[in-house]
Amino acid sequence: MQNQSLLDVIFEKAFNRGDLATIDELVAPNGISHQLSSGMPANRLGFKQWIAMLRTAFPDLQCTIEDEISDGDKIAAHWTLRGTHKGLFLGNTPTNKSIIVKGLIYARIANHQIIENWTMIDQLGVLQQLGLVPPLR
């Protein structure tokens, strides 16, 4: 598997389908995962918890990689998240509103597994689209 295809597999299987076993396959056991949500461990378990949290809040979650680059042991992509708020999200009850937000992922690869990643979404944009935070002026 090429480094570039690792992200495709993670987004298609884990984010879009909810197959969190994919994270166990493609993120190293001692890998470090940096997410936006506090309280989650900075490892592959935390990465799985973060994805599960998104899938619970947005059960129709669909993530699409818009662009991806790879250089040696590094890979990066910007992606789009789409979904409808049907479950708890950061303590907020469902609004049934749809969202479209951008995200970024940057990762280091070794032995065909991610050993460290930084994954972010536009959390403020999510809250604004859900009507939970007023738009910036």
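Just so you know, these numbers come straight off a predicted model, no measurement behind them.

Caption draft 1: Summary view of the overall build of the protein chain. Scanning the protein chain for helices and strands turns up 4 helices and 5 strands. Ordered by position from N to C terminus, the α and β elements of the protein chain give α-α-β-α-β-β-β-β-α. Since a compact globule built from 137 residues should have a radius of gyration of about 14 Å, the 15 Å found for the protein chain is in line with a globular shape. Dimensions of the protein chain, computed from the C-alpha atoms along their principal axes, are close to 45 × 25 × 25 Å. Within the protein chain, the fraction of its 137 residues that count as buried is 43%. For the protein chain, restricting intrachain contacts to residue pairs at least 6 apart in sequence, the fraction spanning at least 24 positions comes to 56%. Here the protein chain displays about 7000 Å² of accessible surface, and carbon together with sulfur accounts for 53% of that area.

Caption draft 2: Focus on the sheet that holds strand 4 (residues 98–110). Taking strand neighbours across the sheet as the criterion, the 5 strands line up as 1-5-4-3-2 in an open arrangement whose pairing is mixed. Of all strands in the sheet, those with a lone pairing partner are strand 1 (27–34) and strand 2 (62–71), marking the two edges. On average, adjacent strands in this sheet sit at an angle of 20 degrees to one another, irrespective of strand direction. When strand 1 meets strand 5 (residues 113–121), the two strands line up parallel, connected through 4 bridges.

Caption draft 3: Quick peek at the packing of aromatic side chains. Tallied over the entire structure, the rule returns 7 aromatic pairs. Consider the rings of Phe11 and Trp79, whose centres lie 4.8 Å apart with planes at 50 degrees: the pair is tilted. Taken together, the positions of Phe11 in helix 1 (residues 3–16) and Trp79 in strand 3 (residues 74–84) put the pair 68 residues apart, joining distant regions of the chain. Judged by its relative accessible area of 0%, Trp79 is buried. Ring centres of Phe15 and Trp79 lie 5.6 Å apart, and the angle between their planes is 55 degrees; on these two criteria the pair is classed as tilted. Here the residue Phe15 occupies a position in helix 1, and Trp79 occupies one in strand 3, the gap between them amounting to 64 residues. Assigned by exposure class, Phe15 and Trp79 land together as buried. Taken together through their ring pairs, the aromatic side chains of Phe11, Phe15, Phe47, Trp50 and Trp79 make up a single cluster.

Caption draft 4: Geometry of the pairing of strand 2. Across 9 bridges, strand 2 lies against strand 3 in antiparallel orientation. Among the inter-strand pairings, Thr64 is bridged to a residue of strand 3, identified as Thr80. Here strand 2 folds back onto strand 3 in antiparallel fashion, the turn holding 2 residues, of which Gly72 has a positive phi close to 65 degrees.

Rules used throughout
- Residues numbered from 1 in each chain as written.
- Predicted model: local features only at pLDDT ≥ 70, side-chain atom pairs only at ≥ 80, totals over all residues.
- Heavy atoms only, no water.
- Helix = DSSP H or I, 4+ residues; strand = E, 2+ residues; numbered from the N terminus.
- Rg over C-alpha atoms; globule rule 2.2 N^0.38 Å.
- Buried < 20%, exposed > 50% of the residue type's maximum accessible area, 1.4 Å probe, protein only.
- Contact = heavy atoms within 4.5 Å.
- Areas by Shrake-Rupley, 256 points an atom, 1.4 Å probe, with all protein chains shown as cover.
- Pairing = 2+ DSSP bridges.
- Axes fitted to C-alpha atoms, helices over the stretch in contact; angles between N-to-C directions.
- Phe/Tyr/Trp six-rings, centres within 6.5 Å; stacked < 30°, edge-to-face > 60°.

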